[in-house]
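The residues making up each chain are set out below.
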Amino acid sequence: MSAYGFAHLRGRTPHVDILEYLERIQATLDPFGGRFVIHGPPTEVVEGSWPGSMVLIEFPGMTEAREWYRSPAYQAILPLRADHIEGDLLLIEGVGSNYDPRERAAKLRAEAAGAA
């Protein structure tokens, strides 16, 4: 099942290190099957507010996502971004093609009934 690296980036400060990070990140993703799905603006906010930008990287699975983040290659370039852009990075497992939100609702209803 696919997994994702999701970043919410805020307070971007222009810096030459960011350009170097962008030039080098794909080489850190390739060994783990990582690919960009979303990379920054434009964003159309239709509810609420969204300060900053987002990045979504897809991996074949959670193992590859974790291995990429912990890899020496990525850790070597991480400060190039982190020193100049505030943000949060999450690794998240996907739900798969047969996901049905009604099943989740049924599970939550059952849990709520058991807690009552």
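Just above sits the structure.
Every value quoted in this text rests on a predicted model; they were computed, and no experiment measured them.

What counts, and where the lines are drawn
- Residues numbered from 1 in each chain as written.
- Predicted model: local features only at pLDDT ≥ 70, side-chain atom pairs only at ≥ 80, totals over all residues.
- Heavy atoms only, no water.
- Pairing = 2+ DSSP bridges.
- Helix = DSSP H or I, 4+ residues; strand = E, 2+ residues; numbered from the N terminus.
- Axes fitted to C-alpha atoms, helices over the stretch in contact; angles between N-to-C directions.
- Polar contact = N/O pair within 3.5 Å; in protein donor to acceptor, adjacent residues only side chain to side chain.
- Contact = heavy atoms within 4.5 Å.
- Buried < 20%, exposed > 50% of the residue type's maximum accessible area, 1.4 Å probe, protein only.
- Phe/Tyr/Trp six-rings, centres within 6.5 Å; stacked < 30°, edge-to-face > 60°.

Student: Any chance you could explain the sheet that holds strand S2 (residues 35-39) here in plain terms?
Tutor: The pairing of strands in a sheet happens through backbone hydrogen bonds and is either parallel or antiparallel. Judged by pairing direction, the sheet is antiparallel, and its 4 strands sit side by side in the order S2-S3-S1-S4 without closing on themselves. What marks the edges here is a single partner per strand, and that holds for S2 and strand S4 (86-93). With direction set aside, neighbouring strand axes in the sheet form an average angle of 15°. Bridge analysis of S2 against strand S3 (residues 53-59) gives 4 bridges, and the strand direction is antiparallel. Note that in S3 the partner of Phe36 across the bridge is Ile57.

Student: What am I meant to see in the side chain of Thr28 here?
Tutor: If you trace the backbone, Thr28 turns up in helix H1 (residues 16-29). At a separation of 2.7 Å, a polar atom in the side chain of Thr28 contacts the main-chain carbonyl oxygen of Ile25. If we skip the residues at most four places from it in the chain, Thr28 touches Trp68, Ala73, Tyr74 and Ile77.

Student: Help me understand the pairing of strand S1 (residues 3-10), please; the structure alone is not making it clear to me.
Tutor: The side chains of a regular strand alternate between the sheet's two faces. Along S1, 7 of the 8 residues are buried, which leaves the element largely enclosed by surrounding structure. Sheet topology note: the S1/S3 ladder contains 7 bridges and is antiparallel. Opposite Ala7, over in S3, you have Val55 as the bridge partner. Of the strand pairs in this sheet, S1 and S4 are connected by 8 bridges, and their pairing is antiparallel. Within S4, the residue paired with Ala7 across the bridge is Leu89.

Student: What should I look at first to understand the packing of aromatic side chains in this one?
Tutor: The geometry of an aromatic ring pair is captured by the separation of the ring centres together with the interplanar angle, meaning the angle of the planes. For the structure on display, the rule yields 6 aromatic pairs. When the ring of Phe59 is compared with that of Trp68, the centres are 5.3 Å apart and the planes differ by 35°; the resulting orientation is tilted. By the burial criterion, Phe59 is buried, and Trp68 matches it. An aromatic cluster of three or more residues is present, and its members are Tyr21, Phe59, Trp68, Tyr69 and Tyr74.

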